[in-house]
Amino acid sequence: MKRVLVATEKPFSKMAVDQIRKVVDEAGYELRLLEKYKSPSDLLAAVADVDALIVRSDKIDCNVLESAKNLKIVVRAGAGYDNLDLVTCSSKNIVAMNTPGQNSNAVAELVFGMLVYGIRKQYTGAAGTELRGKSLGIHAYGNVGYYVGKIAHGFGMKVYAYDPYVSADRMQSHGVEPVNSIEELYRTCEVVSLHIPANASTVNSINKSLLSLMPKGAVLVNTARKEVINEAELVEVMNERPDFIYLSDIAPDNADVFKQQFGGRYFFTPKKMGAQTDEANINAGVAAARQIVSFFTSGDETFRVNR
Ligand code: 3PG
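Residues numbered from 1 in each chain as written. Predicted model: local features only at pLDDT ≥ 70, side-chain atom pairs only at ≥ 80, totals over all residues. Heavy atoms only, no water.

*Asks:* Any details on the site of the ligand? Residues and values, ideally.
*Replies:* As a structural note, the neighbourhood of the ligand is formed by Lys10, Arg56, Ser57, Arg76, Gly78, Ala79, Gly80, Asn103, Arg225, Lys272 and Ala275. At 3.0 Å, a side-chain N or O of Arg76 approaches an oxygen atom of the ligand. Between the ligand and the protein, one listed contact pairs an oxygen atom with a backbone N or O atom of Gly80 at 2.8 Å. Protein contact buries 94% of the 320 Å² of open area that the ligand shows by itself. Under a 2 Å grid-point criterion requiring more than half of the atoms, the pocket assigned to the ligand is the largest pocket. (Near = heavy atom within 4 Å. Polar contact = N/O pair within 3.5 Å; in protein donor to acceptor, adjacent residues only side chain to side chain. Areas by Shrake-Rupley, 256 points an atom, 1.4 Å probe, with all protein chains shown as cover. 1 Å grid on protein atoms, 1.4 Å probe; cavity = no way out; pocket = protein on both sides within 12 Å on 5 of 7 lines; lining within 4 Å. Sits in = over half its atoms within 2 Å of the grid points.)

*Asks:* For the layout of surface pockets, give the residues involved together with the corresponding values.
*Replies:* Approximately 1,200 Å³ is the volume found for the largest pocket. The leading source of residues in the lining of the largest pocket is helix H6 (residues 143-154), at 3 residues. Classifying every residue of the lining of the largest pocket by side-chain character gives 23 nonpolar, 18 polar and 8 charged. Residue-level mapping places the lining of the largest pocket at the junction of two domains, with at least three residues from each of domain 1 (3-102 + 276-298) and domain 2 (104-268). The calculated volume of the second largest pocket comes to roughly 630 Å³. Around the second largest pocket, the lining is made up of 26 residues, and of these Ser57, Asp58, Lys59, Asn83 and Lys272 lie nearest the centre. Looking at the lining of the second largest pocket, the elements that each hand over two or more residues are helix H2 (40-46) and helix H3 (62-67). In terms of residue count, the dominant contributor to the lining of the second largest pocket is H2 (3 residues). Residues that form the lining of the second largest pocket fall into these classes: 9 nonpolar, 4 polar and 13 charged. (Points joined across faces, edges and corners; volume = space filled by probe spheres on them. Helix = DSSP H or I, 4+ residues; strand = E, 2+ residues; numbered from the N terminus. Nonpolar A, V, L, I, M, F, W, Y, C, P; charged D, E, K, R; others polar. Domains from an automatic or database assignment.)

*Asks:* An account of the state of the cysteines is needed here, citing residue identities and associated values.
*Replies:* Inspection of the entire model under this criterion finds 0 disulfides. This cysteine, Cys89, is not joined by any disulfide, and Cys62 carries the nearest cysteine sulfur, 11 Å off. (Disulfide = S-S within 2.5 Å.)

*Asks:* How would you summarise the packing of helix H1 (residues 14-26) against helix H12 (residues 278-298) if you had to cite specific residues and measurements?
*Replies:* Their axes nearest at 8 Å, the elements H1 and H12 cross at an angle of 15 degrees. In terms of axis orientation, H1 runs roughly parallel to H12. Judged by the twist between their axes, the crossing of H1 over H12 is right-handed. Here Met15, Ala16, Gln19, Ile20, Val23 and Val24 of H1 lie close against H12, whose contacting residues are Asp278, Asn281, Ile282, Gly285, Val286, Ala289, Arg290 and Val293. Among the residues making up the contact of H1 with H12, the classes are represented as 9 nonpolar, 3 polar and 2 charged. (Axes fitted to C-alpha atoms, helices over the stretch in contact; angles between N-to-C directions. Parallel < 35°, antiparallel > 145°, perpendicular 65-115°, else oblique. Left-handed = near helix turned anticlockwise from the far one by under 90°. Contact = heavy atoms within 4.5 Å.)

*Asks:* Describe in detail H12, supporting the description with residues and values.
*Replies:* The end-to-end C-alpha distance of H12, which contains 21 residues, comes to 29 Å, matching closely the 30 Å that a straight helix rising 1.5 Å per residue would cover. Within two residues after H12, Gly299 carries a phi angle of roughly 75 degrees, on the positive side. (Expected span 1.5 Å × (residues − 1).)

*Asks:* Which residues make up the pattern of salt bridges, and what are the values?
*Replies:* With the rule as written, the count across this model stands at 18 salt bridges. Asp49 is paired through a salt bridge with Arg3; the nearest N and O atoms lie 3.9 Å apart. Separated by 46 residues along the polypeptide, Asp49 in the loop between H2 and strand S3 (52-55) and Arg3 in strand S1 (residues 3-8) bring together distant segments of the chain. Two residues, Glu240 and Lys208, come together in a salt bridge whose shortest N-O distance is 2.8 Å. In this pair, Glu240 is assigned in helix H10 (residues 231-240) and Lys208 in helix H9 (residues 208-211), connecting sequence segments 32 residues apart. When salt bridges with common partners are traced through the structure, they connect Arg3, Glu30, Arg32 and Asp49 into a single cluster. (Salt bridge = Lys/Arg side-chain N within 4 Å of Asp/Glu carboxyl O.)

All we've got here are geometric facts, nothing functional implied.
This is the structure:
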């Protein structure tokens, strides 16, 4: 009997776990759960004899993969797979997958939750500003970017996007204005929403030269990854520009600096919350379970991210 471990330091909702269990049970596999684990050693022990692994942002590094002697497949129930050591997966013939699109709407809705909170002076009673009529720049027009654009239209925003991998026709068919360079996006838009993955070419890439281009009343909203921000340079920009607001779904490493210097101009979720809805948990968790079943039953490798 195949053993499937759901290892989630930040657990799925109960509804999602029940539905994952149903998929795994129907396949005749055994479901194991490791939730809210406190130490990496708990994860090392739990993976020891499992055939398949479902995770969220849990770090699956070479130590975990070394301990997982029977592992054939790991599915990141979500979009970004920067937490998976793909090189080690490939060297051990472990298939790594993600579940693209399944939690995108949840992330996009949080973008606007944070935006309204941020520009309404965090509900302190002071007069804030509105989104209507403002320019929104979507930095990377993938699944989340698409939903962000849709919602932004409802707010009456002008929507722009930069993504060298997405055709101008596709963006235009969604009422989104493509721009030709990252610089043009930041120069044009008061609000920029980040949706780039964290990888070798994006880490630290959101820097002072880019952020300084943003017009007065700039708001940077980051539901992507904290690693893509050059934190030292963001701090410089916020020091130089009292109009600049930074909103992020997870605190930066230098959160203390923000607390000391930029009160009222930043907001950080205490834990990454973008995908933390019942719906997104169910969509991503069930998709992960189904992908595992179809991998074992028919060798289906759709959504494989390592080669
Ligand atoms: C993702 O990449 O899918 C999101 O960042 C969600 O991450 P989480 O599953 O850890 O909440």
